[in-house]
Amino acid sequence: MKSWVLRCGAGLIATLQPAWAGVTTTCPAGGVTLSTQSTRLPGTLTSVDLSMLTSNLQAGPDLFSLVVEPAPAFHGVVSLRIEIKAVPSDPALTCTDPYSMAGVNSGCWLQRQIVDDITLSGVEVNVSGLWSGSARGARIYTASQLGRMPKRAAGDIAAASSPFQQLVSRLGSVPAGQIHLRFSVLCDGKELSSATLRGDYRPVERPVLLMPGGPVRSGYVSVGSTTPTFAWNGSLTGVDLRGNAPYQLSVWEIPQGVSVEDAINRLPLRRLATTNSMVGWPGTWPSLEPGKQYVWRVDALKRGLADDWLPSELFGFTLQSGAPSTPLPTEIQGSVEQSELLRLLANLAGPHRPRVEGILRSNLPDPQSIQLDGKTADIARLRDLLRELQMQKISVEAVETTR
């Protein structure tokens, strides 16, 4: 047992030994606690690559870190087991699954490795200046630090050659699904403590705009309302993004003589963060003005180690003469389907909108009650009709309501 002798001049003042001298451990239950830290999990990720999901030498910023803390009287050498597994949402996507993982059904291994020879000590040593380099107390291990530590060879599933890596190489992208991370501290082969993290992955897709207007490269489509409704198809509606809005709607006015590229490089005329893929004209926005040209875009959130945005194409529109200016109420008391249906029907009414708005406001429609050619017309069909109306492929000649 190594000891230290402190001398002053020629006289011996004190002999100090490590505070764990004489302390023995037999891997007691509760001797070590393990916890995980992550700023992005749980929650849904919409942009990932394999390096950020594992501990490896190429890992950049860390998705996770571990806190390993021994009890005050614990001193010993432990191992740390890293288990990371993906479960694709598509049941047809399967992988070789040679090992079970606690609490996780069959899936695709990303990593299963053990780091040995980690010395832990929770002993308190209060000798100022002499023990600053000793191994004791809580340890924090980041994903990139773990990636640089030697792993046990037997039974390894390394990230670079994992079944999930092979699946991704075959598909060309990371498939949607769940990511499960489990870490455990082992002492003499016995598990002392474990901690888990879980996240969902939903690949972000470029939003597809529906209305108002059309692709700006084809010109500016005339619309019939000074307060149009914006609608698009998006992949993130209803996804748990931990309080972040999945979409950002931007609208620009394009002045005469200014290119679209120059205009959108400036601050947008109007901007709105939203969780929905259909947005009524906000009451705080000024109405459109006849003769002016507008473009709009929707950006979808790329939530990975940091936030970024995936933009849609640009749609352009202009206001036709004599368009009605009465907006729908900014808040509608009813289900999400009823609210969307109300906006669709009001916009489909076109120039006859004032005639039906009062009825729609006082009698929220049943989404299953709309008939078109004798068949129930679902919301998707009404969206298509409204887009055709906005593009002037169809017109509304009359509106009739019955009770």
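Residue numbers here run from 1 along each chain, matching the order of that chain's written sequence. Where local features are concerned, this predicted model is filtered to residues with pLDDT of at least 70; where side-chain atom pairs are given and counted, the filter is 80 or more; whole-chain, interface and lining totals use all residues. Side-chain metrics in this entry use all non-hydrogen atoms of the structure; hydrogen atoms and water are not considered.

**Q** Let's hear about the overall build of the chain: which residues, and what values?
**A** A helix here means a DSSP run of H or I that spans at least four residues, while a strand means a run of E at least two residues long, and both kinds are numbered starting from the N terminus. Across its full length, the chain carries 7 helices and 22 strands. Looking at the chain as a whole, 46% of its 403 residues qualify as buried. We call two residues in contact when some of their heavy atoms are within 4.5 Å. Considering only residue pairs separated by 6 or more positions, the chain has 73% of its internal contacts joining residues 24 or more positions apart. In short, Shrake-Rupley with a 1.4 Å probe defines the accessible areas, and a residue's cover is counted only from the protein chains shown. Of the roughly 20,500 Å² of accessible surface on the chain, a fraction of 49% belongs to carbon and sulfur atoms. We call a residue buried when its accessible area falls under 20% of the maximum for its residue type, exposed when it is over 50%, and partly exposed in between, using a 1.4 Å probe and counting protein chains only.

**Q** So what's going on with the state of the cysteines? Which residues, and what values?
**A** Our working definition of a disulfide is a cysteine sulfur pair at a distance within 2.5 Å. In the structure shown here, the tally under the stated rule is 1 disulfide. Covalently, Cys95 is tied to Cys108 through a disulfide, its sulfur atoms 2.0 Å apart. Its S-S torsion of about 85 degrees marks the bond between Cys95 and Cys108 as right-handed, since a negative value means left-handed. Remark: Cys108 occurs in strand E7 (residues 108–121) and Cys95 occurs in the loop between strand E6 (75–88) and E7; sequence separation between them is 13 residues. Assessed through its relative accessible area of 0%, Cys108 is described here as buried.

**Q** For the pairing of E6, give the residues involved together with the corresponding values.
**A** Of all 14 residues in E6, 11 are buried, a share of seventy percent or more. A pair of strands is treated as paired once DSSP finds two or more bridges between them. Of the strand pairs in this sheet, E6 and E7 are connected by 11 bridges, and their pairing is antiparallel. Paired with Gly76 across the two strands is Leu120, which belongs to E7. As paired elements, E6 and strand E9 (residues 177–187) share 10 bridges and run antiparallel to each other. Its bridge partner lying in E9, Ala86 is registered against Ile179.

**Q** Please provide a residue-by-residue account of the sheet that holds strand E3 (residues 32–37), values included.
**A** Spatially, 3 strands are ordered E3-E5-E8 in an open sheet, and the strand pairing comes out antiparallel. Across the chains shown, the open sheet's two edge strands, defined by having one partner strand only, are E3 and strand E8 (139–142). Direction aside, neighbouring strands of the sheet carry axes that sit 20 degrees apart on average. Taken together, the 4 bridges between strand E5 (residues 65–70) and E8 define a ladder with antiparallel strand orientation. Paired with Val68 across the two strands is Arg139, which belongs to E8. Angles shown run from 0 to 180 degrees and are taken between the N-to-C directions of axes, each axis being a line fitted to C-alpha atoms and, for helices, limited to the stretch in contact.

**Q** Report on the environment of Val204, specifying residues and quantitative values.
**A** Structurally, the position occupied by Val204 is in the loop between strand E10 (190–201) and strand E11 (208–211). When the C-alpha positions of Val204 and Ala300 are compared, they lie 7.1 Å apart, and in sequence the two are 96 residues distant.

**Q** Quick rundown of the pattern of salt bridges? Include the residues and the values.
**A** Salt bridges are defined by distance alone: a side-chain nitrogen of Lys or Arg within 4 Å of a carboxyl oxygen of Asp or Glu. For the coordinates displayed, the defined rule picks out 14 salt bridges. For Glu83, the salt bridge identified is with Arg81, shortest N-O distance 3.9 Å. The exposure class assigned to Glu83 is buried, which follows from its relative accessible area of 4%. Ionic pairing is found between Glu191 and Arg81, a salt bridge with its closest N-O pair at 3.0 Å. Note that Glu191 is positioned in strand E10 and Arg81 in strand E6, a separation of 110 residues in sequence. Members of the salt-bridge network, linked through shared partners, are Arg81, Glu83, Arg112, Arg182 and Glu191.

**Q** Describe in detail the pairing of strand E14 (residues 230–233), supporting the description with residues and values.
**A** Here E11 pairs with E14 via 3 bridges, running antiparallel. Bridge pairing in E14 links Met211 to Ala231. Strand direction decides the pairing type here: E14 and strand E17 (residues 278–279), joined by 2 bridges, are antiparallel. Across the sheet, residue Phe230 finds its bridge partner in E17, namely Val279.

**Q** Give a description of helix H3 (residues 163–171) that names residues and reports values.
**A** Of the residues making up H3, those classed as buried are Pro163, Phe164, Leu167 and Val168. Viewed along the axis of H3, the buried residues span an arc of 135 degrees, placing them on a single side of the element. What points out from H3, more than 90 degrees from its buried face, is the exposed set Gln166, Ser169 and Arg170. Its buried side turned inward, H3 meets helix H1 (50–53), E6 and E7. Where H3 ends, the next residue or the one after it, Gly172, has phi of about 90 degrees, a positive value. Along the arc lie the directions from the helix axis toward the C-beta atoms.

**Q** Which residues make up the nonpolar core, and what values go with them?
**A** Core analysis: the biggest nonpolar cluster contains 42 residues, and Phe64, Phe164 and Leu181 have the highest contact counts within it. Among residues more than four places away in sequence, those in contact with Phe164 are Leu50, Ala86, Cys108, Trp109, Leu110, Val174 and Pro175. Take the buried Ala, Val, Leu, Ile, Met, Phe, Trp, Tyr and Cys residues and link them wherever side-chain atoms come within 4.5 Å; each set so joined is a nonpolar core. Judged by nonpolar contacts, the second largest core, of 24 residues, contains Val239, Val251, Ala300 and Leu301.

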